[in-house]
Amino acid sequence: MSTGPVSAGPVSAGRASAGPANREVVGGGAEGRRGLLAPIGGIGLAPVTTAALRERLRLTAVSLGYALSMAPSLALAILSVLAVASGPLTVGLVLALGVVPATAALTAAHRRVSGALLGHRLTAEYADTSGLVLLARPLHWLRDGARWRDVAFLWFSASGGFAMSLVPPALLTGPVMYLLLLVLDPGWVWLLLALLSGPALYVWWLVTPVLVRARALTERGILGGSRVAELERRVEQVTETRSAALDHSSAEIRRIERDLHDGAQARIAAVGMSVGLAEKLVGSDPEAAVELLREARATTVSALEDLRAVVRGIHPPVLADRGLAGAVEALALTLPLPVTVSLTIDRRLPDPVESAAYFAVVECLANTIKHAGATFAQVAGSYDGTLLRLVVGDDGVGGADATGAGLTGVARRLAAFDGTFRVDSPVGGPTTATLEIPCRT
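Residues numbered from 1 in each chain as written. Predicted model: local features only at pLDDT ≥ 70, side-chain atom pairs only at ≥ 80, totals over all residues. Heavy atoms only, no water.

K.L.:
Honestly, the overall build of the protein in this entry has me stumped. Any pointers?
P.N.:
Tallying secondary structure elements over the protein gives 13 helices and five strands in all. Across the protein, every contact between residues at least 6 apart in sequence was considered, and the portion connecting residues at least 24 apart equals 77%. Per element, the accessible surface of the protein, about 22,800 Å² overall, is 65% carbon and sulfur. (Helix = DSSP H or I, 4+ residues; strand = E, 2+ residues; numbered from the N terminus. Contact = heavy atoms within 4.5 Å. Areas by Shrake-Rupley, 256 points an atom, 1.4 Å probe, with all protein chains shown as cover.)

Given below as structure tokens:
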């Protein structure tokens, strides 16, 4: 269902506190990128329009940047070979201490660029050497496959990658340069060269998106990590999230047992005792028996309220009846601060996903009420058929504590669904918490 803004609550407070972001895996969307590094559109033949021209000029600028990186790539590639060749010597170790971090910085820049162009996040998985003494690190770098992929990238960037990236700017600048020379110095030579170079513009129009995308895909293949390493990371993540989910389930079971024992169970036991005593007094003191039965009835009502509270803690009835959007709206109406709800969810999601998302929003808004001095909060979100995305924000003082037990629990709850929980809460505010859960229906 698509819901419009819903204001709820009369008062203030509200820092949409958020927890620590889950580790983002390779392939996460490069959401929100615009401008020069926007994802590449179609690579087929497109009609000549202003938008298509701007797109090709943008990709030509990117391709020129790729080509210019040939110089540092070649220098670092040569220095890498020298560092390996002279490794047993002190000069080789010292050289490696400068070359390897510089190579990592260059490849990190290319991961950002190529990942943005492809709409994917490319991450490096280097072996951790932070606990080693400085001169011992080069020996570990030699055994690190990710470092060797960086070296392979350097040689690619200085050879085939350079040639590939030089084509679009060369095809464009040739005709443009001849036209400029014809304007500055009219003559038949420049006119002839401009006419002969005309087809180059057509070729430039055709091949620029293809070559830039091919360069980005090649860099993803080199720098994006091996399939085996990605699967190993995935296994580690699944193991961690499964353990966290089991711990959370055990804690929830203990909480339910405690709530039943301290609440409904104690009240039901009291009802039994009152009814038993009334049964003994019904003949000798009917008025006392009636009073005990009244108390038993009141206690029964309280026990029912306790049971409803336990049920709401497991899966709120409003969530089962009205879905995620309706449940968040109902929650907003009960809060002591103005909350605007704007959710675009046109179908029901699986119950576990709706429950996890709902309780995550509940925790964010609860932290808002407890810890902030804001006057306004909002919950926005959408579902596109593959990803549920919710954003909880406010105009509070910021500085949300990402290590709190409640927020850490939210992150663990979402991690069980491969979800992420990210927070942007600078001191002084505002605070924005973003929840994303992959979900296909």
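So, next bit.
K.L.:
Looking at this structure, how should I read the nonpolar core?
P.N.:
Judged by nonpolar contacts, the single largest core of 37 residues is most densely connected at Leu324 and Leu388. Elements with a minimum of two residues in this core: α11 (317-333), β1 (339-344), α12 (351-371), β2 (377-383), β3 (387-394), α13 (405-415) and β5 (431-438). In terms of residue count, α12 provides more of this core than any other element does, nine residues in total. Excluding anything up to four places from it in sequence, Leu388 contacts Leu324, Ile345, Leu349, Val353, Ala357, Ser382, Tyr383, Leu435, Glu436 and Ile437. (Core = buried A, V, L, I, M, F, W, Y, C linked by side-chain atoms within 4.5 Å. Buried < 20%, exposed > 50% of the residue type's maximum accessible area, 1.4 Å probe, protein only.)

K.L.:
How should the side chain of Asp394 be read in this particular structure?
P.N.:
Considering the arrangement of structural elements, one finds Asp394 in strand β3. Among the residues examined, Asp394 registers a relative accessible area of 7% and is labelled buried. At 2.4 Å, the side chain of Asp394 and the backbone nitrogen of Gly396 are in polar contact. (Polar contact = N/O pair within 3.5 Å; in protein donor to acceptor, adjacent residues only side chain to side chain.)

K.L.:
Just checking my understanding: could you explain the pattern of salt bridges for this structure?
P.N.:
Pairs can form between side chains of opposite charge whenever their charged atoms are close. Tallying each qualifying case throughout the model produces ten salt bridges. Where Glu329 meets Arg322, a salt bridge forms, and the shortest distance between an N and an O atom there is 3.6 Å. Where salt bridges share partners, they join Arg389, Arg422 and Glu436 into one cluster. (Salt bridge = Lys/Arg side-chain N within 4 Å of Asp/Glu carboxyl O.)

K.L.:
Any chance you could explain the pairing of strand β4 (residues 420-424) here in plain terms?
P.N.:
Here is the key point about a regular strand: its side chains alternate between the two faces of the sheet. Of the pairings in the sheet, the one linking β4 to β5 comprises five bridges and is antiparallel in character. When the bridges of β5 are listed, Val423 appears paired with Ala433. Between the end of β4 and the start of β5, which pair antiparallel, lie six residues, with Gly428 showing a positive phi angle near 100 degrees. (Pairing = 2+ DSSP bridges.)

K.L.:
Hey, could you run me through the packing of α11 against α12 in this one?
P.N.:
Any two packed helices are characterised by how steeply their axes cross, that is the angle between the axes, and by the distance between the axes. Viewed as axis vectors pointing N to C, α11 and α12 meet at an angle of 15 degrees, and their least axial separation amounts to 10 Å. On the basis of their axis angle, the class for α11 and α12 is roughly parallel. Of the two possible hands of crossing, α11 and α12 adopt the one that is left-handed. In this structure, α11 uses Leu319, Gly323, Leu324, Ala327, Val328 and Leu331 to contact α12, whose residues at the interface are Glu354, Ser355, Ala357, Tyr358, Val361, Val362 and Leu365. Class assignment of the residues belonging to the contact of α11 with α12 gives a composition of ten nonpolar, two polar and one charged. (Axes fitted to C-alpha atoms, helices over the stretch in contact; angles between N-to-C directions. Parallel < 35°, antiparallel > 145°, perpendicular 65-115°, else oblique. Left-handed = near helix turned anticlockwise from the far one by under 90°. Nonpolar A, V, L, I, M, F, W, Y, C, P; charged D, E, K, R; others polar.)

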